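This is what each chain is made of:
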Amino acid sequence: PKSFLVKLNDFDPEEDKFMAISLNYRGDVKSKEANATVQWLKNNKKCTFVEWCPTGFKVGLNEVPPAVLPEDDIGAAVRNVVMIGNNTGISRVFTDRVAKKYDLMYSQRAFVHWYVGEGMEEGEFAEAREDLGFLEKDYLDVLSEQATDEAEDED
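Residues numbered from 1 in each chain as written. Predicted model: local features only at pLDDT ≥ 70, side-chain atom pairs only at ≥ 80, totals over all residues. Heavy atoms only, no water.

Let's talk about the overall build of the chain
In terms of regular secondary structure, the chain is built from four helices and three strands. Secondary structure of the chain in N-to-C order comes out as β-α-β-β-α-α-α. Sorting the 155 residues of the chain into buried and exposed places 23% on the buried side. For the chain, the share of sequence-separated contacts (at least 6 apart) that also reach a separation of at least 24 residues comes to 78%. Accessible surface, the chain as shown: approximately 11600 Å² in total, 57% of it carbon and sulfur. (Helix = DSSP H or I, 4+ residues; strand = E, 2+ residues; numbered from the N terminus. Buried < 20%, exposed > 50% of the residue type's maximum accessible area, 1.4 Å probe, protein only. Contact = heavy atoms within 4.5 Å. Areas by Shrake-Rupley, 256 points an atom, 1.4 Å probe, with all protein chains shown as cover.)

Points about the pairing of strand 1 (residues 18-27)
Within strand 1, seven of the 10 residues are buried, leaving the element largely enclosed by the surrounding structure. With nine bridges connecting them, strand 1 and strand 3 (residues 79-87) associate as antiparallel partners. Paired with I21 across the strands is G85, a residue of strand 3. The pairing of strand 1 with strand 2 (residues 57-62) spans six bridges and is classified as parallel. Its bridge partner being in strand 2, R26 is matched across the sheet by N62. A crossover links strand 1 with its parallel partner strand 2, the connecting element being helix 1 (residues 31-43), and its sense is right-handed. (Pairing = 2+ DSSP bridges. Right-handed = clockwise from strand over helix to strand, strands pointing away.)

What about the nonpolar core?
If you look at the biggest cluster of nonpolar residues, it comprises 11 residues: F18, I21, L23, Y25, V29, A34, V38, L41, C47, F49 and F57. Those elements that place two or more of their residues in this core are strand 1 and helix 1. Sorting elements by how many residues they give to this core places strand 1 first, with four residues. Discounting residues that sit within four places of it in the chain, Y25 has contacts with A34, T37, V59, G60, L61, N62, N80 and V81. Formed by eight residues, the second largest nonpolar core is a distinct cluster that contains M19, C53, L132 and Y139. (Core = buried A, V, L, I, M, F, W, Y, C linked by side-chain atoms within 4.5 Å.)

Description of a nonpolar patch on the surface
Taken together, the side chains of M105, F111, W114 and Y115 present a nonpolar region at the surface, about 470 Å² in accessible area. If you trace the backbone, F111 turns up in the loop between helix 2 (91-107) and helix 3 (112-117). (Patch = residues over 30% accessible without salt bridge, like charges linked within 9 Å, V, L, I, M, F, W, Y side chains within 5 Å. Salt bridge = Lys/Arg side-chain N within 4 Å of Asp/Glu carboxyl O.)

Some details on the confidence of the model for the chain
Scored by pLDDT, the chain has a mean of 85; 90% of the residues are at 70 or more. Here helix 4 (residues 123-154) stands out as the least confident element of the chain, with mean pLDDT 81; strand 2 is the most confident, with 95. (pLDDT = per-residue confidence, 0-100.)

Notes on the environment of C47
You can see C47 is positioned in the loop between helix 1 and strand 2. The spacing of C47 and N87 is 40 residues in sequence and 10.0 Å in space, taken between C-alpha atoms. Setting aside anything within four residues of it in sequence, one finds C47 in contact with F18, I21, L41 and F57.

Here it is as structure tokens:
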């Protein structure tokens, strides 16, 4: 694939909370500008964090400008920024896409013979599915903790 990014069509900025955000700057960016951007995002409620992580931002500064390759479609720039966020909305990707497809393929024993031939044991498939279930549950726990905290505040 060209990209390993995930697009969430049903992303809800009110419901889906961030656990962490990393802003990585390259080029001519001063720390004062980066911190001002973080403050603007917080003050204008552009992103909502889980309650147990109120700060949530990690800022990286690299003075080296972005590299430009001759065959690249992207134009030259003196600075750029990349945001990487861990959001609870990603749990729907695990549930709706990964787990369902895994279950479907494993139920038909698709590709199992290849992995077993390479040295995997059959039990590792069940263990991998169980780990995926735990990951789904962890994200759901974060959302349910948030909901119960808000319900207690209203009482």
